[in-house]
Number of protein chains: 2
Amino acid sequence: MPQICNFTYDEITVGQTATYSKLVQEQDIQLFAAVSGDVNPVHLDADFAAGTRYKGRIAHGMLTGAIISAALAMELPGPGTIYLSQSLRFRLPVKIGDTITIKLEVTDKQDRRQVVTLNCKAYNQNDKLVVSGSAEVMAPSEKLLIDYPARPRVRIEG
Amino acid sequence: MPQICNFTYDEITVGQTATYSKLVQEQDIQLFAAVSGDVNPVHLDADFAAGTRYKGRIAHGMLTGAIISAALAMELPGPGTIYLSQSLRFRLPVKIGDTITIKLEVTDKQDRRQVVTLNCKAYNQNDKLVVSGSAEVMAPSEKLLIDYPARPRVRIEG
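Residues numbered from 1 in each chain as written. Chains lettered and ligands numbered in written order. Predicted model: local features only at pLDDT ≥ 70, side-chain atom pairs only at ≥ 80, totals over all residues. Heavy atoms only, no water.

Engineer: Quick question: what am I supposed to make of the side chain of A:S85 here?
Structural biologist: Within the fold, A:S85 resides in strand β3 (residues 82–90). Beyond its immediate chain neighbours, meaning those up to four positions away, A:S85 contacts A:S134, A:A135, A:E136, B:L88, B:R89 and B:F90. (Helix = DSSP H or I, 4+ residues; strand = E, 2+ residues; numbered from the N terminus. Contact = heavy atoms within 4.5 Å.)

And the structure:
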């Protein structure tokens, strides 16, 4: 079974980087609408969305926020991370079929509370910056090596 | 069919408020794990989570971010809103069965670009502040009254 491991506070260095990518598919828009309750037609209705400034359906902005949060939780620092804060600036729309790559870089460490600050940038497959921001997390003290849990399988029913 | 309508920039006043509530259920944790890719066992594995500081499974922090984004998109300003930025401070964990209520309050308007700033607070059913932050949005110019799209129905398969 594949495993994931984390970086403890002591292992993390300023300048350290990590990346995390996700292809945004039709299903993701449906799932995000279901889980957030944001069922705006610009996300769900192709005819309506064609008449907007975007000329087609776009992903929810906070879906990219969710992908950034997963990059922190899965890659750097990884399991055991405690999320303290996140800023997000939404720069460009994300469309179905875009591949979003999150690039994290550690910019600061505060020893007293083991707080790590990371610069967070989300790019699309054309290397355009779609979301930027900064995260503060409390990094784990203990090394964790855990079995990679299966991603829940979900199905859209209507 | 039920309809949703928005508040245009001109209709919005500093001090205006809105609320939006969501019960966080088992399925939401599964969906958020699927859509973000964050499959950390503190969210998905009851046995693992029992051994953490939280003494049980917790929701992903950014799930509350997603609910805040829905409050902006569905309630104030509502459909046609363009999301510019969001800050989030994660204060307390959210557990399955918690009802999260988002309280939005307009704190500033900038006429030049029709930018509205809103204070965003997320409370649980015990009136504890779980997430706080601030959003900047470009408010719609045109009044929209649209049919309330059905929330996609999804099913967890395993």
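Engineer: Looking at this structure, how should I read helix α1 (residues 26–36) of chain B?
Structural biologist: Every α-helical turn comprises 3.6 residues, leaving residues that sit three or four positions apart pointing alike. Residue and element names in this part refer to chain B. Burial of α1 is extensive: 9 of the 11 residues sit out of reach of the surface. Along α1, the residues that are buried comprise D28, I29, Q30, L31, F32, A33, A34, V35 and S36. Residue G37 follows α1 closely and has a positive phi angle near 90°. (Buried < 20%, exposed > 50% of the residue type's maximum accessible area, 1.4 Å probe, protein only.)

Engineer: I tried to follow the pairing of strand β2 (residues 17–23) of chain A on my own but got confused; where do I start?
Structural biologist: Regular strands place side chains that alternate from one sheet face to the opposite one. Residue and element names in this part refer to chain A. What you see with β2 is a clean split: A18, Y20 and K22 sit on the buried side and T17, T19, S21 and L23 on the side with no burial. Note: β2 against strand β4 (residues 99–110), 7 bridges, orientation antiparallel. Paired with K22 across the strands is I100, a residue of β4. (Pairing = 2+ DSSP bridges.)

Engineer: I'm lost on the packing of aromatic side chains in this one. Help?
Structural biologist: Think of a pair of aromatic rings as described by two things: how far the centres are apart, and how the planes are tilted against each other in angle. Per the stated rule, a full pass over the model turns up 2 aromatic pairs over all chains. Ring geometry for A:Y83 versus B:F90: centroids 4.4 Å apart, planes at 25°, classification stacked. One end of the pair, A:Y83, is in strand β3; the other, B:F90, is in strand β3 (residues 82–90), on a second chain. A relative accessible area of 16% means that A:Y83 is categorised as buried. Directly above the aromatic system of A:Y9 lies the positively charged group of A:K109, at a separation of 4.2 Å from the ring centroid. Above the plane of the ring of B:F7 lies B:K143, whose end atom (NZ or CZ) is 5.6 Å from the centre. (Phe/Tyr/Trp six-rings, centres within 6.5 Å; stacked < 30°, edge-to-face > 60°. Lys NZ or Arg CZ within 6 Å of the ring centre and 35° of its normal.)

Engineer: What should I look at first to understand the layout of surface pockets in this one?
Structural biologist: Think of a ball as big as a water molecule: rolled over the atoms, this probe shows where empty space is left. Quantified by volume, the largest pocket comes out at close to 1000 Å³. What lines the largest pocket is a set of 45 residues, and nearest its centre among them are A:Y54, B:G80, B:T81, B:I82 and B:Y83. Residue assignment for the lining of the largest pocket shows that the elements contributing at least two residues are α2 (41–44), α4 (61–74) and β3 of chain A together with α4 (61–74), β3 and β6 (129–138) of chain B. Split by residue class, the lining of the largest pocket holds 23 nonpolar, 14 polar and 8 charged. Roughly 900 Å³ of volume is contained in the second largest pocket. (1 Å grid on protein atoms, 1.4 Å probe; cavity = no way out; pocket = protein on both sides within 12 Å on 5 of 7 lines; lining within 4 Å. Points joined across faces, edges and corners; volume = space filled by probe spheres on them. Nonpolar A, V, L, I, M, F, W, Y, C, P; charged D, E, K, R; others polar.)

Engineer: Explain the sheet that holds β2(A) to me, please; I cannot follow it from the model alone.
Structural biologist: To summarise the sheet geometry, strands pair through backbone hydrogen bonds and adopt either a parallel or an antiparallel arrangement. Strands sit in the order β2(A)-β4(A)-β5(A)-β6(A)-β3(A)-β3(B)-β6(B)-β5(B)-β4(B)-β2(B) across an open sheet of 10 strands; the sheet is antiparallel. Whereas interior strands pair on both sides, the edge strands pair on one side only; in this sheet they are β2 of chain A together with β2 (17–23) of chain B. Each neighbouring strand pair of the sheet contributes to a mean axis angle of 20°, computed without reference to strand direction. Examined bridge by bridge, strand β4 (residues 99–110) of chain B and strand β5 (residues 115–123) of chain B share 9 bridges and lie antiparallel to one another. Looking at β5(B), one finds that B:K109 is bridged to B:V116. Strands in contact with α4(A) are β2, β3, β4, β5 (115–123) and β6 (129–138) of chain A together with β3 of chain B; relative to β3(A), the strand with the most contacts, it is inclined by about 145°. Along the sheet, α4(B) makes contact with β3 of chain A together with β2, β3, β4, β5 and β6 of chain B, crossing β3(B) at roughly 145°. (Axes fitted to C-alpha atoms, helices over the stretch in contact; angles between N-to-C directions.)

Engineer: What's the story with unusual backbone geometry in this structure? I'm lost.
Structural biologist: For residues besides glycine, phi is generally negative; the peptide bonds are generally trans as well. In this structure, the amide linkage connecting A:L76 to the following residue, A:P77, adopts the cis form with an omega of 5°. Take A:P77: it is sitting in the loop between α4 and β3. In this structure, B:K55 takes a positive phi of about 60° despite not being glycine. Inspection of the secondary structure assignment puts B:K55 in the loop between α3 (46–50) and α4. Relative accessible area serves as the criterion here: at 66%, B:K55 is assigned to the exposed category. Despite not being glycine, B:D127 has its phi angle at roughly 65°, a positive value. Looking at where B:D127 falls in the secondary structure, it is placed in the loop between β5 and β6. According to the relative accessible area criterion, B:D127 is exposed, its value standing at 60%.

Interpretation note: all reported values are geometric properties and have no functional meaning in isolation.
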